[in-house]
Each structure stands twice: as C-alpha cells, then as structure tokens.
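# What the coordinates show
What follows is the residue order along each chain.
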Protein chains: 2
Amino acid sequence: MAKLRFNIAMSLDGFTAGPNPSEENPLGEGGMQLHQWAFELEAWRKPHGQDGGETNASTNVVEELLENVGATVMGRNMFGGEGAWEDKPWDGWWGDDPPFHTPVFVVTHHAREPLAKDGGTTFTFVTDGIESALRQASEAADGKDIALGGGANIAQQYLQAGLIDEMLIHLVPVLLGDGTRLFDNLGTSDGPFECTRVVEAPGVTHLSYRPAK
Amino acid sequence: MAKLRFNIAMSLDGFTAGPNPSEENPLGEGGMQLHQWAFELEAWRKPHGQDGGETNASTNVVEELLENVGATVMGRNMFGGEGAWEDKPWDGWWGDDPPFHTPVFVVTHHAREPLAKDGGTTFTFVTDGIESALRQASEAADGKDIALGGGANIAQQYLQAGLIDEMLIHLVPVLLGDGTRLFDNLGTSDGPFECTRVVEAPGVTHLSYRPAK
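Residues numbered from 1 in each chain as written. Chains lettered and ligands numbered in written order. Predicted model: local features only at pLDDT ≥ 70, side-chain atom pairs only at ≥ 80, totals over all residues. Heavy atoms only, no water.

### Considerations on the overall build of chain A
Scanning chain A from N- to C-terminus turns up 6 helices and 11 strands. Over its C-alpha atoms chain A spans a radius of gyration of 16 Å, differing by no more than 12% from the 17 Å that the globule rule assigns to 213 residues. When the backbone C-alpha atoms are referred to their principal axes, chain A occupies close to 45 × 40 × 35 Å. Across the 213 residues that make up chain A, the buried fraction comes to 50%. Taking as baseline every contact in chain A between residues at least 6 positions apart, the subset at least 24 positions apart corresponds to 62%. Put simply, chain A shows about 9,700 Å² of open surface, and 47% of that area lies on carbon and sulfur atoms. (Helix = DSSP H or I, 4+ residues; strand = E, 2+ residues; numbered from the N terminus. Rg over C-alpha atoms; globule rule 2.2 N^0.38 Å. Buried < 20%, exposed > 50% of the residue type's maximum accessible area, 1.4 Å probe, protein only. Contact = heavy atoms within 4.5 Å. Areas by Shrake-Rupley, 256 points an atom, 1.4 Å probe, with all protein chains shown as cover.)

Structure representation (structure tokens):
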C-alpha cells in the first residue's frame, strides 16, 4: 500500500520557518538554520548540483527520502510563497531543474495550467482540496509512495484529516522565537503517535512517527 | 564544577502542561500523558512508594536524574500551583515525604518560613530571584549538582539567563493542543544547542542538550 510520507525540519521551539518570510528569504528570519545540517551533506548537495559535502548519520536519512517516491504534494507556500503569484504568475522557488523529479501536486486556491520543468518535475495545481491532490498524486505515483512537502499549513491539513502514514521530523536544536509552527491548529491527538525510529546526527535529530489516526 | 541540570517532559507540540490546570489536575487537561512513560517504570515507582513497574531504556535515564544531586530549585507552580497559597498557606502537591530528598529552593514572590518534610526534603522560599535561589542551592548542594524542576516559567528564566548547564527533554509524542509552552518568551538562541545524547524508549524520546549561552 502506497504511503503518504511527510518530512520537515523543525526548531526545538516548534517552528518550521522563522518570522517575516519574504521572496528573498522564504524561510523567514533564522529559518536557514533549520537546514544547515542538510546543506553540509554530500547526499543533499549532489542532487542539488553542488560539489563536496560530508557523509554522516544523516546521509541514509536523506537518501531514504528520495527512495520509492512516485509523486509529491506541497502547499502553495512551498511552491512559490504566500500570494506570490496571484498577480504575476511565476515559476516558484525551484528553478529550471527542481529537486523533486516526480509529478508535484500543489494545493492552492489559484487555478493555473500545469508547469513542466527539467528532470521530470511537473507542477500541477489542484484547487479542490487536499484529498483531491492526494488522489491525483496516488494515481501519478503508480504504486509508489507520495512525499508530502511543507509548508506547515498543508501538513496540518493532512494531519488533521488523518492521512499521513509516516512523519519524519528533523529536530534542530535552535530557538527561532517566532514564525510558523508545525503543530498548530491541530487540537489534541487521539492518543500518542508511535515513534518508529530515532537517528542522532550532527546538528539534528531525526524522529520518525506514525501519527495517531 | 557543579551543574544546574534541568529536565522536563514536553509534548511534541511543545507543551509541558495542558490547558486549565487546577488543584485537582495540576498538569492541566491531557497533561498526565506526558508522564505515562515514567509511571510505568519501576525506577520511578519505587522512589514514589509504589510497587511493580517495568525496566526499559528509560530506566537509566530516570536513575541518573537522582544521581549526584545535592539540591533542587523549582518555581512556585511546581511547589503548589499558581496562587495556591496566597491566601491559605499549604504544603504543596508533594505530601509528607516528597521525592526530592534534598533541600528545595522555591522561587516565589511570597515570603514564607521554611517547610521541613520527611526524607530530607526541606522547602525554602526564595523571594529575591533566580540567581539568589541558585546561589543558595549551590551552597546547600556542597559540590553536588543542582536539579532544576519546572514549571516552564522558571525554566525560561534560567534559560534566558544562560544558567542551565544540561537540559534533558522527555519528548512525548502526543499533541496537547494548548497549555503551557516550554520554549516561550525566549526569543532566538545564540546559535544551536549541542545535543549530547538521545535515548529512544517506549513512549518517549529523551533528548539531552547543552544550551547555547
């Protein structure tokens, strides 16, 4: 059975982006710190066209993220920022050769023609909700898993609906103080999540959970 | 050098107590879930006068909490609840034989005579701030470490002042949705904390940090 797999970097105080995100700094103030552990990895740099980097306990975790993924779902913030293309359609943050290499389904209120990029990434814009996006992604994935990207808002919608099968939090020991919280607007969980794996690595702890449904 | 060691249970969404704490339920709605992993341990039950319980990966972590501790510091909420003894001095949550077995220094705005209990626990009420409490605790500890209990408010004051040497978070995979946040009112950290140990155990992940100062 294909799974919906979600992974996101979160600060110790619970933020997935810092305050005041902008087109220049979509991760908000301090938000880059949440990804420093990844930027240092060869396993991250290579797929992003960068030389060098190291191998450490995070390497396997990052490599697994790409394994058996047949489609990707994300929110419009992750594609291109809050409101960024309401008046001027643009191509998002991801450049000509986005790192997804799968069909990507962007949940948004703004209809738009699909956008094909190099390397197998095609963005399809879904305006009829998260379940429709998941259904379309499942068809495109053809039996493989679906990766759920951020941001926090779309993740909350899928968590609330009980649709996430695996949740991987890259917990980064910094305090951002303000910004976008991952676990917000969710109320209480129906019992505990099941922690399925913990990987300690330089600058980050990778925590895998199976959410309570 | 004696250390100030802080440990607290926190939900995945960042709360150390649920909403609406009361004299009957000082941990707030859902807050007991944060401590379920401990209640099941022999290492916790025995010092609290209860039979039975299991041994698992949390056992060492709990046993270490008590090792080399010569004094304890806590906030007034952990002693006896918000405002609970402003008009009727009472003896707090902890009964006749509190589990601390050390001198305890309670940071409060309300002066009061020391309160001696069985088993080596004496509560001393400190009205001139967190640094005074730490100084008095250091003297009482006589070279041993000082344990910082909660609640979140007093922990924030010590974190903000850069006085915590070791921070152990018992991360419990539930969502409380609301309540008291551990990491609040703190702004941004001066660089990342150093993660010194991770212990995966049933129902909890124990994360040890050396805070950025």
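### Some details on the sheet that holds strand E11 (residues 204-210) of chain A
All names here are of chain A. With mixed pairing, the 9 strands of this open sheet are ordered in space as E5-E6-E4-E3-E7-E1-E8-E11-E10. A strand with exactly one partner marks an edge of an open sheet, and here the two such strands are strand E5 (115-116) and strand E10 (194-201). In terms of strand pairing, E5 meets strand E6 (residues 122-126) through 2 bridges, oriented antiparallel. Considered in E6, the bridge of Leu115 is made with Phe123. (Pairing = 2+ DSSP bridges.)

### Observations regarding empty space enclosed by the protein
Enumeration according to the criterion identifies 2 cavities of 30 Å³ or more in this entry. As for the largest cavity, its lining consists of 16 residues, of which Met10 and Gly14 of chain A together with Leu12, Asp13 and Gly14 of chain B are closest to the centre. Here the residues of the lining of the largest cavity sort into 10 nonpolar, 2 polar and 4 charged. As a volume, the second largest cavity reaches approximately 30 Å³. Taken together, Leu12, Asp13 and Arg181 of chain A together with Gly14, Arg181, Leu182 and Phe183 of chain B make up the full set of residues lining the second largest cavity. Counted by class, the lining of the second largest cavity contains 3 nonpolar, 1 polar and 3 charged residues. (1 Å grid on protein atoms, 1.4 Å probe; cavity = no way out; pocket = protein on both sides within 12 Å on 5 of 7 lines; lining within 4 Å. Points joined across faces, edges and corners; volume = space filled by probe spheres on them. Nonpolar A, V, L, I, M, F, W, Y, C, P; charged D, E, K, R; others polar.)

### Points about the packing of aromatic side chains
Residues and elements named next belong to chain A. All chains considered together, the criterion is met by 12 aromatic pairs over all chains. Taken together, a centroid distance of 4.9 Å and an interplanar angle of 65° make the contact between Phe39 and Trp44 edge-to-face. In terms of burial, Phe39 and Trp44 fall into one category: buried. Seen from their ring centres, Phe79 and Phe125 are 5.2 Å apart, and the 80° between their planes marks the pair as edge-to-face. Taken together, the residues span a long stretch of sequence, with Phe79 in helix H4 (residues 76-80) and Phe125 in strand E6 at a distance of 46 residues. Relative accessible area serves as the criterion here: at 0%, Phe79 is assigned to the buried category. Following the ring pairs from residue to residue traces out a cluster consisting of Phe79, Trp94, Phe100, Phe123 and Phe125. (Phe/Tyr/Trp six-rings, centres within 6.5 Å; stacked < 30°, edge-to-face > 60°.)

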